[in-house]
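Analysis of the macromolecular model
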Number of protein chains: 2
Amino acid sequence: MATTTTPNSLLIKTSNPSKPSFPRNPSNKNAFFTTASKFQSTKVTCTAQLQNPTPSTTKPTIPSQDRVFNFAAGPATLPEKVLKKAESELYNWRGCGMSVMEMSHRGKEFLSIIQKAESDLKTLLSIPSDYAVLFLQGGATTQFSAIPLNLCESNDQVDFLVTGSWGDKAFKEAQKFCKPNLIWSGKSEKYTKIPSFDSLEQNLNARYLHICANETIHGVEFKDYPTPKNKDGILVADMSSDFCSKPVDVSKFGIIYAGAQKNVGPSGVTIVIIRKDLIGDAQKITPVMLDYKIHAENNSLYNTPPCYGIYMCGLVFEDLLEQGGLVEVEKKNKKKAEILYNAIKESKGFYRSPVEKSVRSLMNVPFTLEKSELEAEFIKEAAKEKMVQLKGHRSVGGMRASIYNAMPLAGVEKLVAFMKDFQARHA
Amino acid sequence: MATTTTPNSLLIKTSNPSKPSFPRNPSNKNAFFTTASKFQSTKVTCTAQLQNPTPSTTKPTIPSQDRVFNFAAGPATLPEKVLKKAESELYNWRGCGMSVMEMSHRGKEFLSIIQKAESDLKTLLSIPSDYAVLFLQGGATTQFSAIPLNLCESNDQVDFLVTGSWGDKAFKEAQKFCKPNLIWSGKSEKYTKIPSFDSLEQNLNARYLHICANETIHGVEFKDYPTPKNKDGILVADMSSDFCSKPVDVSKFGIIYAGAQKNVGPSGVTIVIIRKDLIGDAQKITPVMLDYKIHAENNSLYNTPPCYGIYMCGLVFEDLLEQGGLVEVEKKNKKKAEILYNAIKESKGFYRSPVEKSVRSLMNVPFTLEKSELEAEFIKEAAKEKMVQLKGHRSVGGMRASIYNAMPLAGVEKLVAFMKDFQARHA
């Protein structure tokens, strides 16, 4: 399939704008750098199979006839090309005589995989050099505990801006390990809004300000990010469901974390991007596997990592780079979301989006039917047309179309055509 | 490939011998049973592809010429048949139009996968009905924290019998969450022994007695198990590296836990088998993802599980059942270990096993060369002959051959032939 084989040049931007320091324990600041720097010296031996080294302008591939369009919220659809590559390499990875699933995590083959995955992610997101990238396990939910355990003492205050169920879960878990303040919640308005940042009553001593950048269930997405009022505070974001869907200025954040199973891989891998000076001062009650210092010092190889999942993420990162990077990816995602939201708008109320227009998610599009009694029929008929997993989350009802990076434009076009047809038949 | 398709009958033994109670909070005993029982009512729609419904008596398959014999300690070699099946299903699982990696963990397809995996594991190990099976993340190392957090208050005493590095790590982590006693350690004898159980000075009030059933690095394996002296205490075992390698009487244990990446799957899945009455009384500082109650109440689906890894474990469980179950699997493992240890013995000291004979592992066989300066050459020449990952752990040196379930007899035979040839050339 590949027409050109070129070593992937690792254009890691090292821009490092000045940012508020976080001086809980400055003496720890460089504690793990000696080990971490060894990481970079191991040679990455793999080459990317580049189909389109320049931004692709070709039409999206029409999926094979035996594929469904899978609108699941996560685990979610993966790029066909990535699946085909994984299939071709599953039994014997690049002639080494083993599957990736069988490789020692300390062998040269797997080291080349994880190092390339990390390098490609750094390229994609232009991650500054003072940030560590960790490949962990346990989902965002594990990070709900790990973040306060690593950043706070038990009496430290932190602020939560809660715009949906996931932010609310993170807020509740943090109560075990520090003193979180709920500075704003969209719950009374059914999580359909994001407040203006100026109106937020932030605590001046909050260690961090936590947001969920995109609420998977409610379809509410931050288009810009608030700045902590505490000059030594940091912004922490759960980006599980819009990670790598668009460019993000990583330097605005202290920690970005994301489960892989929406935009960048299968479930079982959690990615944490953390400013290095925040590492190394966890509470004494922190389980070893939740301590960022352990993982940073060991380059995500303290114990056996989820190797195959990391490999799959690496294939997705290659694919995103081949598409031209996140600027191009965002264009495609905007286009898909635009035609879906337009279809809702043009239905004159037959379909309805509950979310305030300016913060509608490009990733998760919940919608309801004016005649709610038709929703079950809508979902059933769509499934017959090979468009699956359109049922809304049980806490919200209605429908939800998750249209992550790997959902082809053709999938959204087919959904919109179906919506119009369904309306014509039931209006 | 399959010659017969038969629904797999789920012969779950429900023998429930009386055992010491663990009455920390008896009122919690049945707290999650209502939810858990729903699990059993969901229909498992898959059928096993049974090639050999009766114990196989055929010779082990000779691996394809392009495979290496992979003696890695984990992640480790997987059954060729399982890899071929995974390859054939990767792009489109049984005609559903999706890869297993893309499936919603709450959809009927994945539910059938995880439920069948659990049922098959219960059959394999004859797990009594008063035990829960959990599919988790984070490796055994996460359980080092979760076990004391779930079973103890911070002042509770527990006993550790430490026969190698992994038991030692578990002991050290437990110090954060309870009061562990080191009742025996093999460290001064370089972890080559297991003491007689009669000689152990157990604490009569120890909540649990912890062992590592097979020490992956040192090759020391329990052939029988000690009984806690505290009549309300339980036995807890890290079985990561001999899990499902032989029949085990689960009713002797309160908790068995294991990383999957040795005998039953890829890395990224941790299996916990826990007596149900032990669930539900975790310390307040327990991170939600380390709380067994959360996972038991939600049938391992509280958040997104490592779906693809669980699917792979399920394929391995099917394969082990097709081989005739763990009685047959143990016979094969004994045969493989026997010819390898015999080769060491017959070398008249050219090769040496450091481990006391009665507790030598059937899974991990460390050995040294009398002429230690030849060890690097041994490993290099073996790799040329497509026998890889034979280097001993850095803390022990020498060589280590890990010969888990999926290592074919042919692999061990080839290694032994090579050892004899190497000796003839270097004696």
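Residues numbered from 1 in each chain as written. Chains lettered and ligands numbered in written order. Predicted model: local features only at pLDDT ≥ 70, side-chain atom pairs only at ≥ 80, totals over all residues. Heavy atoms only, no water.

- Under the annotation held in an unreviewed UniProt entry, chain A carries the name Phosphoserine aminotransferase and is attributed to Dillenia turbinata.
- Per UniProt, chain A has the following entry under Pathway (unreviewed entry): "Amino-acid biosynthesis; L-serine biosynthesis; L-serine from 3-phospho-D-glycerate: step 2/3."
- As its UniProt record puts it under Cofactor (unreviewed entry), chain A is described as follows: "pyridoxal 5'-phosphate". (UniProt positions renumbered as here; feature names shortened; annotations may be inferred.)

**What to know about the interface of chain B and chain A**
- On the side of chain A, 62 residues touch chain B, which itself brings 62 residues to the contact.
- Contact between chain B and chain A buries roughly 4,900 Å² in total, counting both sides, with carbon and sulfur atoms accounting for 57%.
- When the buried area of chain B at its contact with chain A is split by residue, Y91, M101 and E102 of chain B rank highest and sum to 16% of it.
- Linking chain B with chain A are two salt bridges.
- Across the salt bridge formed by E102 of chain A and R67 of chain B, the nearest N and O atoms sit 2.8 Å from each other.
- Along the contact surface separating chain B from chain A lie 28 residue pairs in polar contact (both at pLDDT 80 or more).
- Looking at the side of chain B that touches chain A, the elements that each hand over two or more residues are α2 (80–89), α4 (139–151), α5 (165–174) and α7 (307–322) of chain B.
- Broken down by class, the residue content of the side of chain B that touches chain A amounts to 27 nonpolar, 23 polar and 12 charged. (Contact = heavy atoms within 4.5 Å. Buried area = accessible area lost by both parts, 1.4 Å probe. Salt bridge = Lys/Arg side-chain N within 4 Å of Asp/Glu carboxyl O. Polar contact = N/O pair within 3.5 Å; in protein donor to acceptor, adjacent residues only side chain to side chain. Helix = DSSP H or I, 4+ residues; strand = E, 2+ residues; numbered from the N terminus. Nonpolar A, V, L, I, M, F, W, Y, C, P; charged D, E, K, R; others polar.)

**Some remarks on the side chain of N150 of chain A**
All names here are of chain A.
- Examined against the element boundaries, N150 turns out to sit in helix α4 (residues 139–151).
- According to the relative accessible area criterion, N150 is buried, its value standing at 2%.
- Here A146 takes part through its backbone oxygen, which lies 2.8 Å from a polar atom of the side chain of N150. (Buried < 20%, exposed > 50% of the residue type's maximum accessible area, 1.4 Å probe, protein only.)

**Comments concerning the pairing of strand β9 (residues 255–259) of chain B**
Residues and elements named next belong to chain B.
- The buried fraction of β9 amounts to five of the five residues, a majority that puts the element mostly inside the structure.
- By the bridge criterion, three bridges tie strand β8 (residues 234–238) to β9 in an arrangement that is parallel. By the bridge assignment for β9, D238 is matched with Y257.
- Here five bridges tie β9 to strand β10 (residues 270–275), and the two strands are oriented antiparallel to one another. The residue bridging G259 from the neighbouring strand is T270, located in β10. (Pairing = 2+ DSSP bridges.)

**Remarks on the relation of the copies chain B and chain A**
- For the pair chain B and chain A, the superposition axis carries a translation of 0.0 Å, the fit reaches an RMSD of 0.0 Å, and the rotation angle comes to 180 degrees. The two molecules are tied by a two-fold rotation axis, judged by turn and shift.
- When you check the interface residues of chain B against chain A, 100% turn up at the interface there too, and the contact is symmetric in its surfaces. (Least-squares fit on C-alpha atoms with pLDDT ≥ 70 in both.)

**A few points about the UniProt feature "domain: Aminotransferase class V" (unreviewed entry) in chain A**
- Here, the residues flagged by UniProt with the feature "domain: Aminotransferase class V" (unreviewed entry) are residues 68–415 of chain A.
- Across residues 68–415 of chain A one finds 32% helix and 17% strand; the C-alpha atoms that close the span lie 12 Å apart.

**Considering helix α8 (residues 326–346) of chain A**
All names here are of chain A.
- Compared with the 30 Å implied by 1.5 Å per residue over 21 residues, the 29 Å span of α8 between its first and last C-alpha is a close match.
- If you check which residues of α8 are buried, you get L326, E328, V329, N333, K336, A337, L340, Y341, A343 and I344.
- In this structure, the buried residues of α8 make contact with α3 (108–125), α7 (307–322), β11 (351–352), β12 (364–369), β14 (399–402) and α10 (409–426).
- After α8 finishes, the residue K348 shows a positive phi value of roughly 55 degrees. (Expected span 1.5 Å × (residues − 1).)

**Describing the sheet that holds strand β5 (residues 208–212) of chain A**
Residues and elements named next belong to chain A.
- If you walk across this open sheet you meet the seven strands as β2-β10-β9-β8-β5-β3-β4, and the pairing is mixed. Every interior strand has two partners, whereas the edge strands, β2 (131–136) and β4 (179–185), have only one. The sheet shows a mean angle of 15 degrees between the axes of neighbouring strands, direction not considered.
- One ladder, built from five bridges, connects β5 with strand β8 (residues 234–238); its direction is parallel. (Axes fitted to C-alpha atoms, helices over the stretch in contact; angles between N-to-C directions.)

**Let's talk about the packing of aromatic side chains**
- Overall, the coordinates contain 31 aromatic pairs over all chains when judged by the stated rule.
- Relative to F378 of chain A, the ring of Y351 of chain A lies with its centre 5.9 Å away and its plane at 70 degrees, an arrangement referred to as edge-to-face. Of this pair, Y351 of chain A sits in strand β11 while F378 of chain A is found in helix α9 (residues 375–384), placing the two residues 27 residues apart along the sequence. The pair formed by Y351 of chain A and F378 of chain A is uniform in burial state, with each residue classed as buried.
- Relative to F171 of chain B, the ring of F160 of chain B lies with its centre 5.6 Å away and its plane at 65 degrees, an arrangement referred to as edge-to-face. Highlighted residues: F160 of chain B in strand β3 (residues 157–162) and F171 of chain B in helix α5, separated in sequence by 11 residues.
- Taken together, the aromatic side chains of F350, Y351, F367, F378, F418 and F422 of chain A make up a single cluster linked through ring pairs.
- Residue placement shows K84 of chain A over the ring face of Y91 of chain B; its charged tip is 3.8 Å from the ring centre.
- Just above the ring of W166 of chain B sits the side chain of K169 of chain B; from NZ or CZ to the centre is 4.7 Å. (Phe/Tyr/Trp six-rings, centres within 6.5 Å; stacked < 30°, edge-to-face > 60°. Lys NZ or Arg CZ within 6 Å of the ring centre and 35° of its normal.)

**Considerations on the packing of helix α9 (residues 375–384) of chain B against helix α10 (residues 409–426) of chain B**
All names here are of chain B.
- Remark: α9 packs on α10, axes separated minimally by 11 Å, with the N-to-C direction vectors making an angle of 130 degrees. Accordingly, the angle class assigned to the pair α9 and α10 is oblique. Considering how the two elements wind past one another, α9 and α10 form a crossing that is right-handed. On the side of α9, the interface is formed by E377, F378, E381 and A382, while α10 contributes L415, F418, M419, F422, R425 and H426.
- Residues that form the contact of α9 with α10 fall into these classes: six nonpolar, one polar and three charged. (Parallel < 35°, antiparallel > 145°, perpendicular 65-115°, else oblique. Left-handed = near helix turned anticlockwise from the far one by under 90°.)

**Regarding the nonpolar core**
- F243 and Y308 of chain A together with F243 and Y308 of chain B are the most contacted members of the largest nonpolar core, which totals 136 residues.
- Y308 of chain B has contacts with L90, M101 and Y308 of chain A together with A86, L90, V100 and M101 of chain B, leaving out every residue within four places of it along the chain.
- With 68 residues, the next largest nonpolar core counts I147 of chain A together with L151, M289 and I294 of chain B among its residues. (Core = buried A, V, L, I, M, F, W, Y, C linked by side-chain atoms within 4.5 Å.)

**Here's the deal with the pattern of salt bridges**
Residues and elements named next belong to chain A.
- What the rule picks out here adds up to 52 salt bridges over all chains.
- Of the charged contacts, one joins E173 and K176 as a salt bridge, the two residues approaching to 3.1 Å between their closest N and O atoms.
- Since its relative accessible area comes to 7%, E173 is described here as buried.
- The network of salt bridges with shared partners includes K85, K116, D120 and E318.

**Thoughts on the pairing of β8 of chain A**
- Buried residues dominate β8 of chain A, accounting for five of its five residues.
- Burial along β8 of chain A is two-sided: I234, V236 and D238 of chain A facing one way and L235 and A237 of chain A facing the other are all buried.

**A word on empty space enclosed by the protein**
- This structure, assessed with the given rule, holds 10 cavities of 30 Å³ or more.
- As a volume, the largest cavity reaches approximately 330 Å³.
- Taken together, 33 residues make up the lining of the largest cavity; nearest its centre are Q137, G138 and T142 of chain A together with Q137 and G138 of chain B.
- By residue class, the composition of the lining of the largest cavity is 18 nonpolar, 15 polar and no charged.
- Of the volumes computed, that of the second largest cavity is approximately 120 Å³.
- Contributing to the lining of the second largest cavity are 14 residues, with S267, Y308 and G309 of chain A together with S267 and G309 of chain B lying nearest its centre.
- At the level of secondary structure, the elements contributing two or more residues to the lining of the second largest cavity comprise α7 of chain A together with α7 of chain B.
- In terms of residues, the lining of the second largest cavity owes the most to one element, α7 of chain A, which gives three residues.
- Of the residues belonging to the lining of the second largest cavity, the class tally is eight nonpolar, six polar and no charged. (1 Å grid on protein atoms, 1.4 Å probe; cavity = no way out; pocket = protein on both sides within 12 Å on 5 of 7 lines; lining within 4 Å. Points joined across faces, edges and corners; volume = space filled by probe spheres on them.)

**As for the packing of α2 of chain B against α7 of chain B**
All names here are of chain B.
- Put simply, α2 and α7 touch, their axes get as near as 10 Å, and they point 135 degrees apart. When the axes of α2 and α7 are compared, the pair comes out oblique. Seen along the crossing, α2 lies across α7 with a hand that is right-handed. The segment α2 lies against α7, with K81, V82, K85, A86 and E89 engaging Y308, Y311, M312, L315, V316, E318, D319 and E322.
- A breakdown of the residues in the contact of α2 with α7 according to their chemical character gives seven nonpolar, no polar and six charged.

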